[in-house]
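Residue strings, one per chain:
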Amino acid sequence: MSAGKADKKPVVPAHVAVIMDGNGRWASERGLPRLAGHKAGAEAVTRCLRAAINRGVGYLTLYAFSSENWSREPAEVADLTSLLRYYLRHKVSELHREGVRVRFIGDLARFDESLREELAKAEAKTRDNKRITLLLALSYGGRGDIVQAARRLAQAAKSGDLQPEQITESLFADKLWTAGVPDPDVVVRTSGEYRLSNFLLWQSAYAELMFLDIFWPDFNEGHFATVLDNYARRERRFGVRPTV
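Residues numbered from 1 in each chain as written. Predicted model: local features only at pLDDT ≥ 70, side-chain atom pairs only at ≥ 80, totals over all residues. Heavy atoms only, no water.

J.: Hey, could you run me through the packing of helix 3 (residues 34-55) against helix 8 (residues 221-233) in this one?
T.: The geometry of a pair of packed helices is captured by two quantities: the angle between their axes and the separation between those axes. With their axes 9 Å apart at the nearest point, helix 3 and helix 8 run at an angle of 45° to one another. The orientation of helix 3 relative to helix 8 falls into the category oblique. When you trace helix 3 past helix 8, the crossing you get is right-handed. In this structure, helix 3 uses Arg 47, Cys 48, Arg 50, Ala 51, Ala 52, Asn 54 and Arg 55 to contact helix 8, whose residues at the interface are Glu 221, Phe 224, Ala 225, Leu 228 and Asp 229. Classifying every residue of the contact of helix 3 with helix 8 gives six nonpolar, one polar and five charged. (Axes fitted to C-alpha atoms, helices over the stretch in contact; angles between N-to-C directions. Helix = DSSP H or I, 4+ residues; strand = E, 2+ residues; numbered from the N terminus. Parallel < 35°, antiparallel > 145°, perpendicular 65-115°, else oblique. Left-handed = near helix turned anticlockwise from the far one by under 90°. Contact = heavy atoms within 4.5 Å. Nonpolar A, V, L, I, M, F, W, Y, C, P; charged D, E, K, R; others polar.)

The structure is reproduced here in structure tokens:
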């Protein structure tokens with residue numbers, strides 16, 4: 001083996017996105033209330049973030065609350081928002097000390113004013129951190145993201161600030177909730193399901209997709225390592241023929 005190959009560094013994705021699925025089923029299998037599953041899932045978030053930091057990942061996006069989740073039982077929605085509020089009040093300072101920048105993407109207007117204020121405070125507190133950017137998708141839907149971007153461009157065109165022929169893929173991406181963030185290199189889903197469920201639809205056009213047959217509360221650093229090892233073995237061509 002040549003020295004060059006021996007010294008070759010492993011390929012690390014700049015951006016990992018995760019559909020955290022299976023909290024409810026994890027709890028059901030153990031005869032526990034769904035809230036217990038969500039709490040266990042929150043602990044898995046900590047493990048996932050730590051693994052991302054240790055591996056040098058720059059961006060980690062977690063699908064925490066979808067736009068469709070609003071249709072769940074009111075009691076479960078209340079539990080989820082209360083859990084979110086708890087972590088905002090008790091974990092943001094720790095994330096700040098660790099150099100984590102926190103961002104929230106989604107239709108945040110659907111949350112009450114006091115929660116929106118806490119989300120804004122968390123973003124402001126961690127805005128200058130550089131170690132990793134943690135994006136939490138809350139009240140998020142990929143179709144809704146595309147629609148709100150189209151509306152913003154349509155409004156600019158209506159007011160005369162933009163001509164239709166000026167609209168490019170790059171300009172459109174700048175109007176998405178993920179503006180300024182590189183597209184995910186890999187999208188991971190737990191729980192054995194094989195679908196994106198309205199998550200980062202535009203942004204995932206060329207993402208590598210990986211599906212794990214475990215419930216999210218069981219996710220650990222070993223699973224994260226498996227994802228990265230799998231990613232490193234894949235050949236990403238973006239529609240271009242591989243060189244011989």
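J.: Sorry, what's going on with the environment of Ala 27 here?
T.: Its location among the elements puts Ala 27 in helix 2 (residues 23-29). Placed 188 residues apart in sequence, Ala 27 and Phe 215 show a C-alpha to C-alpha distance of 9.7 Å. Sequence-distant contacts of Ala 27, that is, excluding residues within four places in its chain, are made with Leu 32, Pro 33, Arg 34 and Gly 37.

J.: For this particular structure, what's the right way to read the layout of surface pockets?
T.: Rolling a probe over the atoms, with the probe sized like a water molecule, indicates the empty space that remains. As a volume, the largest pocket reaches approximately 1100 Å³. Contributing elements (two or more residues each) for the lining of the largest pocket: helix 2, helix 3, strand 2 (59-66), helix 4 (74-97) and strand 4 (132-140). The residue makeup of the lining of the largest pocket, split by class, is 23 nonpolar, 10 polar and 11 charged. (1 Å grid on protein atoms, 1.4 Å probe; cavity = no way out; pocket = protein on both sides within 12 Å on 5 of 7 lines; lining within 4 Å. Points joined across faces, edges and corners; volume = space filled by probe spheres on them.)

J.: Mind showing me how you'd approach the pairing of strand 3 (residues 100-105) here?
T.: Note on strand geometry: in a regular strand, side chains alternate between the two faces of the sheet. Counting buried positions along strand 3 yields five of six residues, so the element is predominantly enclosed. Strand direction decides the pairing type here: strand 3 and strand 4, joined by six bridges, are parallel. Following the sheet pairing, Phe 104 is matched in strand 4 by Leu 136. (Buried < 20%, exposed > 50% of the residue type's maximum accessible area, 1.4 Å probe, protein only. Pairing = 2+ DSSP bridges.)

J.: Hey, could you run me through the nonpolar core in this one?
T.: Side chains of a nonpolar character, in soluble globular proteins, are inclined to be buried together. Judged by nonpolar contacts, the single largest core of 41 residues is most densely connected at Val 16, Val 18, Leu 60 and Phe 224. If near-sequence neighbours (up to four positions away) are discounted, Phe 224 is found in contact with Val 16, Cys 48, Ala 51, Ala 52, Arg 55, Val 57 and Phe 219. (Core = buried A, V, L, I, M, F, W, Y, C linked by side-chain atoms within 4.5 Å.)

J.: Just checking my understanding: could you explain the pattern of salt bridges for this structure?
T.: Think of it this way: side chains of opposite charge can pair up when their charged atoms draw near. Evaluated as defined, the whole model comprises 12 salt bridges. Where Asp 21 meets Arg 189, a salt bridge forms, and the shortest distance between an N and an O atom there is 2.9 Å. Taken together, the positions of Asp 21 in the loop between strand 1 (15-19) and helix 2 and Arg 189 in strand 5 (residues 186-189) put the pair 168 residues apart, joining distant regions of the chain. With relative accessibility at 17%, the residue Asp 21 sits in the buried group. The class of Arg 189 is buried, set by a relative accessible area of 4%. We note a salt bridge from Arg 25 to Glu 193, for which the minimum N-O separation is 3.2 Å. Note that Arg 25 is positioned in helix 2 and Glu 193 in the loop between strand 5 and strand 6 (208-211), a separation of 168 residues in sequence. On the basis of relative accessible area, Arg 25 is assigned to the partly exposed category, the value being 32%. Within this structure, Asp 21, Arg 25, Arg 189, Glu 193 and Arg 195 form a network of salt bridges that share partners. (Salt bridge = Lys/Arg side-chain N within 4 Å of Asp/Glu carboxyl O.)

All quantities given are derived from atomic positions and should not be read as evidence of function.
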